[in-house]
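# Descriptive analysis of the structure
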Amino acid sequence: MLSIRPLTQAEYDVRIPALMAEYAADEVRAGRSDPAEVTARIERQFQALLPDGLATEGQLLFAGEAGGEVVGFLWIGMPTTERPQAWIYEIHVEEAHRRRGYGRALMLAAEEELRARGVARLGLNVFGHNPGARHLYESLGFETTSLQMSKALG
């Protein structure tokens, strides 16, 4: 059984830098960023998304707990006029807890939280090099709305 609760400041202070590093590595692996400039660009993006940290209006950051232990994290952006659906910025299951259904449970908890807040639609992005996540999202009813493709030329 998994439940979500708001992230604490201490958890935020650890998780956000780790997420930034993971996201930078994914951007480079996907060929969307130059390794020399990716860190600074990601820092600017996160500052724009979370200017007030945990207190940033419209951003929901949760820890997922099972059996009294944190097993993962969830970051949801609420709908805006520019993006009229909620957005999953992060779903993360700690390495030691993977392959136990916690990713699915986190997504279902996100959906429940958003329905309770009157949100009608949820979107996310998944990197092409993460077929496991894509399979999870498709099994939960997510549909492809856009598809970017790339080819290395050399």
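Everything quoted here is computed from the prediction, not taken from an experiment. Throughout this document, residue positions are counted from 1 along each chain, in the order its sequence is written. Totals for whole chains, interfaces and linings use all residues, but because this is a predicted model, local features are given only for residues with pLDDT of at least 70 and pairs of side-chain atoms are given and counted only at 80 or more. Side-chain numbers come from the whole structure's heavy atoms, not from hydrogens or water.

### Overview of the packing of helix H1 (residues 9-29) against helix H2 (residues 38-49)
Helix axes are fitted only over the stretch in contact, all axes being lines through C-alpha atoms; the angle between N-to-C directions runs from 0 to 180 degrees. Counting from the N terminus, the helices are DSSP H or I runs at least four residues long and the strands are E runs at least two residues long. Between H1 and H2, whose axes approach to 10 Å, the crossing angle comes to 125°. As far as their axial angle goes, H2 and H1 are oblique. Along this stretch, H1 crosses H2, giving a crossing that reads as right-handed. Where H1 abuts H2, its residues Ile 16, Leu 19, Met 20, Tyr 23, Ala 24, Glu 27 and Val 28 lie against Val 38, Arg 41, Ile 42, Glu 43, Gln 45 and Phe 46. Under the scheme applied, nonpolar residues are Ala, Val, Leu, Ile, Met, Phe, Trp, Tyr, Cys and Pro; charged residues are Asp, Glu, Lys and Arg; polar residues are all the others, including Gly. Tallied by class, the residues present in the contact of H1 with H2 amount to nine nonpolar, one polar and three charged. These descriptions rest on fixed angle ranges, namely under 35 degrees for roughly parallel, over 145 for roughly antiparallel, 65 to 115 for roughly perpendicular, and the rest for oblique. Crossings are sorted by hand: turned counterclockwise from the far helix by less than a right angle, the near helix makes the crossing left-handed, and turned clockwise it makes it right-handed. The contact rule is simple, with two residues in contact once any of their heavy atoms fall within 4.5 Å.

### Structural notes on the confidence of the model for the chain
One number per residue, pLDDT, summarises how confident the predictor is, and it ranges from 0 to 100. With 100% of its residues at a pLDDT of 70 or more, the chain has an overall mean of 93. Across the chain, element-level confidence peaks in strand E2 (residues 59-66) with a mean pLDDT of 98 and bottoms out in helix H4 (residues 131-139) with 89.

### Thoughts on H1
Each residue after the first adds 1.5 Å to the expected span of a helix. Look at H1: 30 Å from first C-alpha to last across 21 residues, which is about the 30 Å you get at 1.5 Å a residue. The cut-offs for exposure are 20% and 50% of the maximum accessible area for each residue type, with area from a 1.4 Å probe on protein chains only; residues under the lower value are buried, those over the upper are exposed, and the others partly exposed. Among the residues making up H1, those that are buried are Glu 11, Tyr 12, Arg 15, Ile 16, Leu 19, Met 20, Ala 24 and Glu 27. Looking at the buried residues of H1, the elements they touch are strand E1 (3-6), H2, E2, strand E3 (69-77) and strand E4 (86-93). Phi for Gly 31, located one or two positions after H1, is positive at around 80°.

### Topic: the environment of Glu 22
Relative to the elements of secondary structure, Glu 22 occurs in helix H1. With residues near it in sequence (within four places) discarded, Glu 22 still touches Arg 15, Glu 90 and His 92. Contacts described as polar in this section are N or O atom pairs within 3.5 Å, which, within protein, must combine one atom able to donate a hydrogen with one able to accept it, while residues neighboring in sequence count only if both atoms come from side chains. A polar contact is formed between the side chain of Glu 22 and the side chain of Arg 15, at a distance of 2.7 Å.

### Some remarks on the side chain of Glu 111
Examined against the element boundaries, Glu 111 turns out to sit in helix H3 (residues 102-116). Sequence-distant contacts of Glu 111, that is, excluding residues within four places in its chain, are made with Leu 122, Leu 140 and Phe 142.

### Quick notes on the pairing of E3
With seven of its nine residues buried, E3 lies for the most part within the structure. When DSSP finds two or more bridges between a pair of strands, those strands are recorded as paired. The pairing of E2 with E3 spans eight bridges and is antiparallel. Each residue of the ladder has a partner; that of Glu 65, found in E3, is Val 70. The turn joining E2 and E3, which pair antiparallel and follow one another in sequence, is formed by two residues; a positive phi near 60° is taken by Gly 67.

### A few points about the sheet that holds E3
In space, the five strands of this open sheet follow the order E1-E2-E3-E4-E5, with mixed pairing throughout. The open sheet has two edge strands, E1 and strand E5 (122-124), and neither has a second partner. With direction set aside, neighbouring strand axes in the sheet form an average angle of 35°. Here H1 sits on the sheet in contact with E1, E2, E3 and E4, set at roughly 95° to E4.

### Observations regarding the pattern of salt bridges
In what follows, salt bridge is the name for a side-chain nitrogen of Lys or Arg lying within 4 Å of a carboxyl oxygen of Asp or Glu. Per the stated rule, a full pass over the model turns up ten salt bridges. One salt bridge in this structure joins Glu 95 and Arg 98, with 2.8 Å as the shortest N-O distance. On the accessibility criterion, Glu 95 (60% relative accessible area) is exposed. The partly exposed category is assigned to Arg 98, whose relative accessible area is 38%. The closest approach of N and O atoms between Glu 113 and Arg 117, which form a salt bridge, is 2.7 Å.

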